[in-house]
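Chain by chain, the residues:
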Amino acid sequence: MTAPIIWIVIPVGMGLILWLLRHRRWISGGIAVGLSALLAVLAAALPIGETIQLGGVQFELGESLFVLGRSFNLTNNERPFLVLIFTTCAVWFAGAMVLKQHRLFAPFGLMVVAALVGALAVQPFLYAALLVELTVLLSIPVLVPPGEVVQRGVQRFLIFQTLGMPFILLAGWVFGSGDLLQVAPAILPRAAVILGLGFALWLAVFPFYFWVPQLTHQTHPYSAGFVLSLLPVSILMLGLDFVSQVGWLRASPLMFLIIQLTGVLMVVTAGVWAAFQDEISRLFGYAVILESGYALLTIGLNNLPGYMMFAAGLLPRLLGLFVLALALGVLKNRAQPTDFDHMQGIFQRFPVAIIALVLALFSISGMPLLAGFPVRLESLELLASQQPLLIGWVLLGNFGFLMGVIRVLLHVVRLGDAAEENLESLPERAILVGGMLFLFLFGIFPGVFYQSVIFILRVAPALLSAR
Amino acid sequence: MSLQTIPIILLILSSFFLVLFLGWRYALLALALQYVGVFWLIAQTLPIGLAAVKLIVGWMAGAVLAASQLNLGEELPVSDLAGRIFRGFVMIFGIIVAFSILPAAEQWIPVERSLLTGGLILLISGLIQLGLTGNPFRLSIGLLTFLAGFEMIYAGLVSSVLVVGLLGLINLGVGLAGSYFILSPSLEESN
C-alpha cells in the first residue's frame, strides 16, 4: 500500500462509485463526508515511509506510485496539507447535504480534490499543469447542475484556466529540464515571465479576474465557493512547491517584488470595486480576489514570517469563504435575490444567514475579534516594515472592501413593513451558527489554530530552509 | 512548395472555415481537417502512433460535441454577410499576426519552423473563436483549436507518452465538458 493510493486513487474510485449512486443524494453525500473525514484523520495519524504497527499487523506506507514511468510522491511533508484539504472537503460536503446541493456535487467534488492532491504529488512538476486542467474540467459538473443553462461566468472560468495550462507546461519544460546552468541565460527570465502568466491566469490575478464575480453571481454560490476555495489554495501551494524546487527562482528578488506588487494591485482593485458593488453575490467574488491578493502579498515578503502568515491566512480564508458561501446558498435556495433593491425584510426572513453573511464579510475585511483579524494585522505589520510605500495602497483596498461590507450591513437591516416568516431550516441555522462560532474562536484564540496550519509549509522545504 | 506547406495550408483553411461558417456540420468537417493537419506535422517529430493518438482523440472530441448538438435538435445561430466579412478580416489579421511573431517565437521556443507556424496559427485561431462566441458548441471548438495549436508546439519539445496521454484526456474532457454545456439544460433537474 502506498500513500498516493490512499489519498488519490481511493477518492477518485469512490467519486466514480458515488456517481453511480448520484440519485441517492443522502447516501452519496454521507459517504463523501465520511471518506473525506477518514482521509483527514489518516493523514494526521499515519506516518508515510515508516513501519506502522496496527494491532498484530505490521506494514509500511510507501511514498511513491509509478504511472507510465512518472511518479506520484506523497511524503510526510505533504501530510499537513492533506489534513487541511480533506478536513475542508468534509466540512463542504456536510454543508452541501444541509443545503441540498445537486446530485453531481459530491461525486465530482471528491474527484476534484483527488486531482488536486495528484497535482501536488506528481513529479516532475510539469505534469501538475495537466492535472490542474483535469481538476478544472471535473469541476464543471460541480458548478453547473443538471437542468441549468451554462452561464458566461463558468465558460470564462474554463477558458481562463485552460489558457493558463500551456504557459505552465512551457515554463515547466524550461525549469524542469535538468541542469539550469546549461540553459541559455536569456531563456530563464523569459521562462519566468511565462510561468508568471500561467499562474496569473490560474489564480485570477489582475487583470484576468473579471470572471470571478461573474462566476459567483451566475452559479450557485455554494458550488462556486467550493471551487474557489480549493482551487486557488492548491494552486498557491503548487506555486510555492515549484519555486522551492527551482533555485534560480528562489534567488530572484525581482520575482518576489512582482508577486508583491500584483498582490497589492489585487487588493486595491478588489477593494475599490467592492465599495461600489450593489450585488452581494458579486461581492463574494471580490472577497476571493482580495484573499488571493493578501496571499500573494505575504508570499512576496519572501521571509519566514511572511510564509508563516501565508499559511496561517489559509484557515480564516477557508472558513470565511465557507460561511459566506453557506449564507448566500441559504438565500439562493429560497430564491431570495441578493441585490440591494431586494433587501427589505431580508433580516426577518433569514436572520441567522444574514448575521453569518455579515460576520464572514467582516472577517474577510479584517475586523477585530473575527478570524481574519490576527493574520491581516500581522501581514500588514510585516508589509509596513518591508515596503512602507505600499502599505497605504493596501489599506485603501481593505478600506474599500470594508465600505462595501458596511453598505451591505446598511441594506440588510432594513425591516419589512409587515411581519415576515423565518424561512431558514434548523440544520441550516445549526451549521451557520457553528461557522460563526469558529469565526470568533479563530479570532479570539488565533495561536491555538494557526500554529497547526503553518506546518503545511513543509510542502516547500527548500524555500523555508533558505530563510 | 514543400511537403510541409500542405498541412500549414490545411490548418489555415480549416481555421477560416471554423470562423466563417457557424453550422455544426461545417465546424465538424473543419475540425476533422484541422486534426489531419496537426497529425501530419506532429508525425515529423513524434512516433506515428503517438501522433495518431492526437488525431483520433481530436476527432472523438469533435464527434462527442456534434452528437450532443444533434441530440439537442437545435441549429446553431447563423451569421449574416456583414458578420462573416468581419470575422474573415479578423482571421486574416490573425494569420498576419501569426506569421509576424514567428521569428520572435523561434527565438523563444526551439522547435521546427513548420510546427511552430502551424501551432501559432491554431493558437490565434482558437483565441479568435473564443473571443467571438458565447455558444457552448463554438466555445468548445475554440478551446480544442487552441489546445491543438499548443500541442503541436509542445510536441516539438516533449515527447513523453504520459504527456500525450494526459493531453488526450484533456481534449476528451473539453469535448465532454462542451457536451455537458450543450445538453445540461435538457437534463433531468437535480435533487
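The structure displayed is predicted, hence computed values, not measured ones.

J.: Looking at this structure, I do not really get helix α6 (residues 136-155) of chain B. What am I missing?
T.: Along an α-helix, residues three or four positions apart point the same way, because every turn accommodates 3.6 residues. Residues and elements named next belong to chain B. With 20 residues, α6 extends 28 Å between its outermost C-alpha atoms, agreeing within 8% with the 28 Å of an ideal straight helix rising 1.5 Å per residue. Among the 20 residues that make up α6, 20 are buried, leaving the element largely enclosed by the rest of the structure. N-cap assignment for α6: the residue whose side-chain oxygen lies 2.8 Å from the backbone N of Phe-137 is Asn-135.

J.: Got a minute to help me understand the packing of aromatic side chains in this structure?
T.: For any two aromatic rings, the description comes down to two numbers: the centre-to-centre distance and the angle of the planes. Residue and element names in this part refer to chain A. Enumeration according to the criterion identifies 18 aromatic pairs over all chains in this entry. Relative to Phe-322, the ring of Trp-92 lies with its centre 5.2 Å away and its plane at 80°, an arrangement referred to as edge-to-face. Of the two residues, Trp-92 sits in helix α3 (residues 79-98) while Phe-322 sits in helix α13 (residues 304-333), which places them 230 residues apart along the sequence. We classify Trp-92 as buried; its relative accessible area is 1%. Its relative accessible area of 5% is what places Phe-322 among the buried residues.

J.: Even after reading the chapter, I still don't get the sheet that holds strand β4 (residues 70-73) of chain A, so can you show me in this structure?
T.: Strands pair in a sheet through their backbones, by hydrogen bonds, and they do so in one of two ways: parallel or antiparallel. Residues and elements named next belong to chain A. Spatially, β3-β4-β5 is the arrangement adopted by the three strands of the open sheet, whose pairing is antiparallel. Each edge of the open sheet is held by one strand with a lone partner, namely β3 (64-67) and β5 (122-123). For β3 and β4, the ladder comprises four bridges, and the chain directions are antiparallel. Bridge pairing links Leu-65 to Phe-72 in β4.

J.: I would appreciate a short explanation of the packing of helix α5 (residues 126-143) of chain A against helix α7 (residues 161-183) of chain B in the present structure.
T.: Angle between the axes and distance between the axes are the two parameters that describe a pair of packed helices. The interhelical angle for the contact between α5(A) and α7(B), taken along N-to-C directions, is 15°, at an axis separation of 10 Å. What the angle tells us is that α5(A) and α7(B) run roughly parallel. Where α5(A) crosses over α7(B), the handedness of that crossing is left-handed. The residues of α7(B) that touch α5(A), namely those facing A:Leu126, A:Tyr127, A:Leu130, A:Glu133, A:Leu134, A:Leu137, A:Ile140 and A:Pro141, are B:Leu162, B:Val163, B:Leu166, B:Leu167, B:Leu169, B:Ile170, B:Gly173, B:Val174, B:Ala177, B:Tyr180 and B:Phe181.

J.: I keep staring at the interface of chain B and chain A and nothing clicks. Help me out?
T.: Note: interface size is frequently given as the accessible area lost on complex formation between the parts. Opposite the 36 residues of chain B that make contact, chain A presents 40 residues. Summing the contributions of chain B and of chain A, the shared interface buries around 3,400 Å²; its carbon and sulfur component is 76%. The tally of links between chain B and chain A comes to eight residue pairs in polar contact (both at pLDDT 80 or more). Residue assignment for the side of chain B that touches chain A shows that the elements contributing at least two residues are α4 (81-108), α5 (113-131), α6 and α7 of chain B. When residues of the side of chain B that touches chain A are assigned to their parent elements, the largest contribution, 11 residues, is made by α7(B).

J.: For this particular structure, what's the right way to read the packing of α13(A) against helix α16 (residues 372-386) of chain A?
T.: All names here are of chain A. Axis separation between α13 and α16 bottoms out at 9 Å; the angle between their running directions is 155°. Taken together, the axes of α13 and α16 are roughly antiparallel relative to one another. At the point where α13 passes α16, the crossing takes the left-handed sense. Contacts between α13 and α16 involve Pro-305, Gly-306, Met-309, Ala-312, Gly-313 and Pro-316 on the former and, on the latter, Gly-372, Val-375, Glu-378, Ser-379 and Leu-382. A per-class count over the contact of α13 with α16 returns six nonpolar, four polar and one charged.

J.: What's the story with the nonpolar core in this structure? I'm lost.
T.: Nonpolar side chains in soluble globular proteins tend to end up buried together. Ranked by size, the top nonpolar core spans 255 residues in total, and within it A:Trp7, A:Phe175, A:Phe226, A:Leu357, A:Phe401 and B:Tyr154 carry the most contacts. Examining the composition of this core, we find that 19 residues originate from one element, α13(A), more than from any other. For B:Tyr154, the contacting residues outside a window of four places in its chain are A:Leu126, A:Leu169, A:Leu170, A:Trp173, B:Val163 and B:Leu167.

J.: Where do I start with unusual backbone geometry in this structure?
T.: The phi torsion of most residues other than glycine is negative, and most of the peptide bonds are trans. Residue and element names in this part refer to chain A. Look at the link from Gln-123 to Pro-124: it is a cis peptide, with omega at -5°. Mapped onto the elements of the fold, Pro-124 is located in the loop between β5 and α5. Here the amide bond leading from Phe-206 into Pro-207 is cis, since omega sits at 5°, within 30 degrees of zero. With respect to the element layout, Pro-207 can be found in the loop between α7 (187-202) and α8 (211-218).

J.: Can you walk me through a nonpolar patch on the surface in this structure?
T.: Together, A:Leu369, A:Phe440, A:Ile444, A:Phe445 and A:Val448 line one region of the surface with nonpolar side chains, adding up to about 480 Å² of accessible area. With respect to the helices and strands, A:Leu369 occurs in the loop between α15 (351-364) and α16.

J.: Teacher, can you tell me more about the pattern of salt bridges here?
T.: A side chain of one charge can pair with a side chain of the opposite charge when the charged atoms of the two come close. Inspection of every chain in the model, using the stated rule, returns six salt bridges over all chains. As a salt-bridge pair, A:Glu291 and A:Arg376 come within 3.4 Å of each other at their nearest N and O atoms. In this pair, A:Glu291 sits in helix α12 (residues 280-300) while A:Arg376 sits in helix α16, placing the two residues 85 residues apart along the sequence. Assigned by exposure class, A:Glu291 and A:Arg376 land together as buried. A salt bridge links B:Lys54 to B:Glu151, with the shortest nitrogen-to-oxygen separation between them at 2.9 Å. In this pair, B:Lys54 is assigned in helix α3 (residues 48-72) and B:Glu151 in helix α6, connecting sequence segments 97 residues apart. Neither residue differs from the other here; B:Lys54 and B:Glu151 are each classed as buried.

J.: Just to check I follow, could you spell out the side chain of A:Asn302 for this structure?
T.: All names here are of chain A. Note on placement: Asn-302 falls in the loop between α12 and α13. On the accessibility criterion, Asn-302 (16% relative accessible area) is buried. A distance of 2.9 Å separates a polar atom in the side chain of Asn-302 from a polar atom in the side chain of Tyr-307.

J.: I would appreciate a short explanation of the environment of B:Tyr180 in the present structure.
T.: Residue and element names in this part refer to chain B. Counting through the fold element by element, Tyr-180 comes out in helix α7. Using a relative accessible area of 13% as the deciding quantity, one classes Tyr-180 as buried. Placed 10 residues apart in sequence, Tyr-180 and Ile-170 show a C-alpha to C-alpha distance of 15 Å.

J.: What should I look at first to understand the confidence of the model for chain B in this one?
T.: Note: predicted coordinates in regions of low pLDDT should not be interpreted at a detailed level. A residue-level look at chain B finds 98% of positions with pLDDT of 70 or above and a mean pLDDT of 89. For this predicted complex, the interface confidence comes out at an ipTM of 0.93, alongside a pTM of 0.93.

J.: Just to check I follow, could you spell out the side chain of A:Ser36 for this structure?
T.: Residue and element names in this part refer to chain A. With respect to the helices and strands, Ser-36 occurs in helix α2 (residues 25-45). Using a relative accessible area of 1% as the deciding quantity, one classes Ser-36 as buried. Contact partners of Ser-36, with chain neighbours within four places excluded, come to Phe-86, Cys-89, Ala-90, Phe-93 and Leu-110.

Thresholds applied
- Residues numbered from 1 in each chain as written.
- Chains lettered and ligands numbered in written order.
- Predicted model: local features only at pLDDT ≥ 70, side-chain atom pairs only at ≥ 80, totals over all residues.
- Heavy atoms only, no water.
- Helix = DSSP H or I, 4+ residues; strand = E, 2+ residues; numbered from the N terminus.
- Expected span 1.5 Å × (residues − 1).
- Buried < 20%, exposed > 50% of the residue type's maximum accessible area, 1.4 Å probe, protein only.
- Polar contact = N/O pair within 3.5 Å; in protein donor to acceptor, adjacent residues only side chain to side chain.
- Phe/Tyr/Trp six-rings, centres within 6.5 Å; stacked < 30°, edge-to-face > 60°.
- Pairing = 2+ DSSP bridges.
- Axes fitted to C-alpha atoms, helices over the stretch in contact; angles between N-to-C directions.
- Parallel < 35°, antiparallel > 145°, perpendicular 65-115°, else oblique.
- Left-handed = near helix turned anticlockwise from the far one by under 90°.
- Contact = heavy atoms within 4.5 Å.
- Buried area = accessible area lost by both parts, 1.4 Å probe.
- Nonpolar A, V, L, I, M, F, W, Y, C, P; charged D, E, K, R; others polar.
- Core = buried A, V, L, I, M, F, W, Y, C linked by side-chain atoms within 4.5 Å.
- Patch = residues over 30% accessible without salt bridge, like charges linked within 9 Å, V, L, I, M, F, W, Y side chains within 5 Å.
- Areas by Shrake-Rupley, 256 points an atom, 1.4 Å probe, with all protein chains shown as cover.
- Salt bridge = Lys/Arg side-chain N within 4 Å of Asp/Glu carboxyl O.
- pLDDT = per-residue confidence, 0-100.

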